[in-house]
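# Descriptive structure summary
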Amino acid sequence: MRDKSPAAWLSSLPIGGFQDVRDSDFPFSPASVKMCPMPIFVGVGPPVFGLVIGETLPRKLFCEISPFTYRLSVQRMIITRKVRDLFSFTAFARLRPDEVLPEVVYRHNSLIRRKLGNVDLHLQENKAISLGIAAPLVNSVVIRPGETFSFWKLVGSCTEAKGYREGLVINHGRADSGIGGGLCQFTNLLHWMVLHSELTVVEHHHHGDLDLFPDYNRQIPFGSGTSIIYNYLDYRVRNDTDQAYQFLVTTSDEHLRGELRAERAPEVKFHIREEDAYFHEVDGHVYRHNKVMRLTRDKRTGLVTSKEPIIENNALVVYDRTHINAPILDAPPRPENDGVLAAATA
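### What to know about the nonpolar core
Grouped together as the largest cluster of nonpolar side chains are 41 residues, with contacts concentrated most on V138, F149, F151, F186, L190, F247 and V249. Of the residues forming this core, the biggest block, six residues, is contributed by helix α5 (residues 184-194). If sequence neighbours within four positions are ignored, F186 has contacts with L131, A134, A135, V138, F151, V249 and L256.

### With respect to the pairing of strand β12 (residues 245-251)
The buried fraction of β12 amounts to five of the seven residues, a majority that puts the element mostly inside the structure. Pairing analysis gives seven bridges linking β12 to strand β13 (residues 255-262), with the strands arranged antiparallel. Residue pairing in the sheet places Q246 in a bridge with R261 of β13. Counting the residues between successive antiparallel strands, the hairpin from β12 to β13 contains three residues.

### Some details on the packing of aromatic side chains
What the rule picks out here adds up to four aromatic pairs. Taken together, a centroid distance of 5.1 Å and an interplanar angle of 70 degrees make the contact between F151 and W152 edge-to-face. This pair shows no difference in class: F151 is buried, exactly as W152 is. When the centroid spacing of 5.3 Å and the interplanar angle of 90 degrees are considered together, the rings of W152 and Y230 count as edge-to-face. In this pair, W152 is assigned in helix α4 (residues 151-155) and Y230 in the loop between β10 (210-211) and β11 (236-238), connecting sequence segments 78 residues apart. An aromatic cluster of three or more residues is present, and its members are F151, W152, F186 and Y230. The lysine or arginine in question, K153, covers the ring of F92, its NZ or CZ lying 4.9 Å from the ring centre.

### Let's talk about the environment of I78
With respect to the helices, strands and loops of the structure, I78 is situated in helix α2 (residues 67-88). Placed 154 residues apart in sequence, I78 and Y232 show a C-alpha to C-alpha distance of 6.0 Å. With near-sequence residues (within four places) excluded, I78 lies in contact with Y230, N231 and Y232.

### Description of the sheet that holds strand β17 (residues 328-329)
Spatially, the five strands line up as an open sheet ordered β10-β16-β15-β14-β17, and their pairing is mixed. The open sheet terminates on both sides in strands that have one partner only, identified here as β10 and β17. The sheet contact formed by β10 and strand β16 (residues 304-317) spans two bridges and is parallel. Within the sheet, the bridge partner assigned to D211 lies in β16 and is V317.

### Considerations on a nonpolar patch on the surface
Taken together, the side chains of I79, V83, L86 and F87 make up a nonpolar region of the molecular surface, amounting to roughly 430 Å² of accessible area. Within the secondary structure layout, I79 lies in helix α2. Overall, I79 belongs to the partly exposed group, its relative accessible area being 47%.

### Some points on the sheet that holds β13
On the basis of which strands lie adjacent, the open sheet formed by four strands has the order β4-β13-β12-β5 and antiparallel pairing. In the strand order of this sheet, the two ends are held by β4 (103-111) and β5 (142-143), each with one partner. Those strands touched by helix α3 (residues 121-138) are β12 and β13, and its axis lies near 155 degrees from that of β12. Each of β4, β12 and β13 touches α5; the most contacted strand, β13, lies at about 35 degrees to it.

### Observations regarding the confidence of the model for the protein chain
Looking at the protein chain, pLDDT values average 81 and 77% of them are 70 or higher. Segment residues 1-56: pLDDT under 50, and 149 contacts once partners within four positions in sequence are set aside and those in other chains are kept. For residues 338-346, every residue scores under 50 in pLDDT, and the model assigns this stretch zero contacts once sequence neighbours within four places are set aside.

The rules behind each value
- Residues numbered from 1 in each chain as written.
- Predicted model: local features only at pLDDT ≥ 70, side-chain atom pairs only at ≥ 80, totals over all residues.
- Heavy atoms only, no water.
- Core = buried A, V, L, I, M, F, W, Y, C linked by side-chain atoms within 4.5 Å.
- Buried < 20%, exposed > 50% of the residue type's maximum accessible area, 1.4 Å probe, protein only.
- Helix = DSSP H or I, 4+ residues; strand = E, 2+ residues; numbered from the N terminus.
- Contact = heavy atoms within 4.5 Å.
- Pairing = 2+ DSSP bridges.
- Phe/Tyr/Trp six-rings, centres within 6.5 Å; stacked < 30°, edge-to-face > 60°.
- Lys NZ or Arg CZ within 6 Å of the ring centre and 35° of its normal.
- Patch = residues over 30% accessible without salt bridge, like charges linked within 9 Å, V, L, I, M, F, W, Y side chains within 5 Å.
- Areas by Shrake-Rupley, 256 points an atom, 1.4 Å probe, with all protein chains shown as cover.
- Salt bridge = Lys/Arg side-chain N within 4 Å of Asp/Glu carboxyl O.
- Axes fitted to C-alpha atoms, helices over the stretch in contact; angles between N-to-C directions.
- pLDDT = per-residue confidence, 0-100.

Have a look at this one:
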């Protein structure tokens, strides 16, 4: 593989994730190289991969070497996703009729301007503008049986020319700004509604390794949000049912408003709840733990028919601990059945 050009070698690399690469596989000559993901950003941001040179050279991401390698990394990720979609033969939801499906499955309102630590208020105002641009591009879309909803397929790239403003992004665990930042609030809303339906989530990216902001009128469990980056970190949902679903999304002065509708009322109802929620300290650092669970209830009998885990979080708290309105434990609590088991085996 030594005769392969750097560009050809780069194009052969997979999207995202960690991958060890042996010295014999690298077309240059460092002692070792690894693929490593960039931090997950909220909204749009830089690529999620780079080259980390081994112990003999300084550690540096490929996309940080120069503006050219940054653009190359971004474009490679975007093009790779487009090519994969082209050959996947996926039927994407695009129909946006004037008619509204009759049954409301779930509705939710998300406050646009929220108190997020020391985040500059103008980023919140800019986010409101960006959400107002994106909402009509998704509003009324119908996901027919067999079709897949893709956020980026409908919204497209976020550019200044389209009117998008600089909003909040998360860069290396810190609040930063970027064009179109804050649109993750849009996919957070969609994901929360989808969790209350029979639709199937087929792509969902998560930034639950960091607790970035203190709770402020939190309406949904911590860690149940989404991360998106155009276009290679997408939010996608497939309709595996026998009826059509529809997203209705609008903005007001204060809220991003959403409804998930269907042709007929489903026979089950879903409830999302948080379990095993606590803060604990390890080596001077505070972590937030919780589990997000989904319960399915039969509407006719009222009985819970299933309980499934959505996600488990153990996130580093990056804001001042004085903003934590809960006890901080010295260690994670033992499961309740540990004492019973110990007594039984004594």
